[in-house]
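Now for the letters of each chain:
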Amino acid sequence: MMPNINLSGEGSSSSSRSAPAPPPDQDHHPRLPPPPQLSRYESQKRRDWNTFGQYLRNQRPAVALPQCNYTHVLDFMRYLDQFGKTKVHIQGCAFFGQPEPVGPCTCPLRQAWGSLDALVGRLRAAYEENGGLPETNPFANGAIRVYLREVRDSQATARGIPYKKKKKRRKKNNEAVASNFHQMQTSGI
């Protein structure tokens, strides 16, 4: 059982001490402020980076990060499929191409395309933040983009829903509309 440790220096702990804790100004050990709370994105990026590193270490023989290339990234994404939660119907399935299947089937669960795409983006950033050069970034390799495109298209076909890229809104039109609306209100039209 771990002792109850109070880092604030106030109150008592479960361990018995004969002398009270010294006041903060007489403490000989400087107290460091707690590390800043990471954003959700930064936490996920760190977790993904550690997972990828563990995956490389578990390879036989183990792969050092400088020797990692795009084939290791592709293998990692295929490895993650076993933990996926997205049903991807295969060609022979009665529900292939149906957006809303009416019953269960034995088709495999896979990682969703969007999850893999976001994962690659986070790992691409983490690689460079951890000292990797952009020119040698295995997550930025063209083969990764081709693989993601194939996954996206196959999942869209299996669901019967074509993928449509979302168009970005242009700010100029929105600002112009808002400006015209403001002018009409101020002029009394």
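All of the points below concern the structure found in this document. As the structure is a prediction and not an experimental result, all values here were calculated from the model.

Looking now at unusual backbone geometry. Between Arg-60 and the following residue, Pro-61, the backbone shows a cis peptide bond with an omega angle of -5 degrees. In this structure, Pro-61 sits in the loop between helix 1 (40-58) and helix 2 (70-80).

Right, let's talk about the packing of aromatic side chains for a bit. Per the stated rule, a full pass over the model turns up 9 aromatic pairs. Here Phe-52 and Phe-76 contribute two aromatic rings whose centre-to-centre distance is 5.1 Å and whose plane-to-plane angle is 75 degrees, an arrangement assigned as edge-to-face. Of this pair, Phe-52 sits in helix 1 while Phe-76 sits in helix 2; the two residues are 24 residues apart in sequence, bridging distant segments of the chain. Take Phe-52: its relative accessible area is 1%, and that puts it in the buried class. Seen in terms of ring centroids, Tyr-55 and Phe-76 are 5.1 Å apart; in terms of plane orientation they differ by 55 degrees. Their pairing is tilted. Taken together, the residues span a long stretch of sequence, with Tyr-55 in helix 1 and Phe-76 in helix 2 at a distance of 21 residues.

Moving on: the nonpolar core. One finds Phe-52, Phe-76, Met-77, Leu-123, Phe-139 and Ile-144 to be the most contacted residues of the largest nonpolar core, which totals 22 residues. Broken down by secondary-structure element, the contributors of at least two residues to this core are helix 1, helix 2, helix 3 (113-129) and helix 4 (142-159). Apart from residues lying up to four places away in sequence, Ile-144 is in contact with Tyr-70, Val-73, Leu-74, Met-77, Val-120, Pro-138 and Phe-139.

Pairing between side chains of opposite charge can happen when their charged atoms approach one another. By the definition in use, this model includes 5 salt bridges. The salt bridge partner of Lys-45 is Glu-42, with a shortest N-O separation of 3.2 Å. Residue Lys-45 and its partner Glu-42 are located together in helix 1, separated by 3 residues, close to a single helical turn. Its relative accessible area of 4% is what places Lys-45 among the buried residues. A salt bridge links Arg-78 to Asp-75, with the nearest nitrogen and oxygen atoms 3.4 Å apart. With Arg-78 and Asp-75 both in helix 2, this residue pair falls 3 residues apart, about one helical turn. Among the residues examined, Arg-78 registers a relative accessible area of 43% and is labelled partly exposed. Judged by its relative accessible area of 36%, Asp-75 falls in the partly exposed class. Connected via shared salt-bridge partners are Glu-42, Lys-45 and Glu-129.

Next up on the list: the environment of Arg-57. With respect to the helices, strands and loops of the structure, Arg-57 is situated in helix 1. Those residues in contact with Arg-57, other than ones at most four positions away along the chain, are Asn-50 and Ala-62.

Cut-offs used in this document
- Residues numbered from 1 in each chain as written.
- Predicted model: local features only at pLDDT ≥ 70, side-chain atom pairs only at ≥ 80, totals over all residues.
- Heavy atoms only, no water.
- Helix = DSSP H or I, 4+ residues; strand = E, 2+ residues; numbered from the N terminus.
- Phe/Tyr/Trp six-rings, centres within 6.5 Å; stacked < 30°, edge-to-face > 60°.
- Buried < 20%, exposed > 50% of the residue type's maximum accessible area, 1.4 Å probe, protein only.
- Core = buried A, V, L, I, M, F, W, Y, C linked by side-chain atoms within 4.5 Å.
- Contact = heavy atoms within 4.5 Å.
- Salt bridge = Lys/Arg side-chain N within 4 Å of Asp/Glu carboxyl O.

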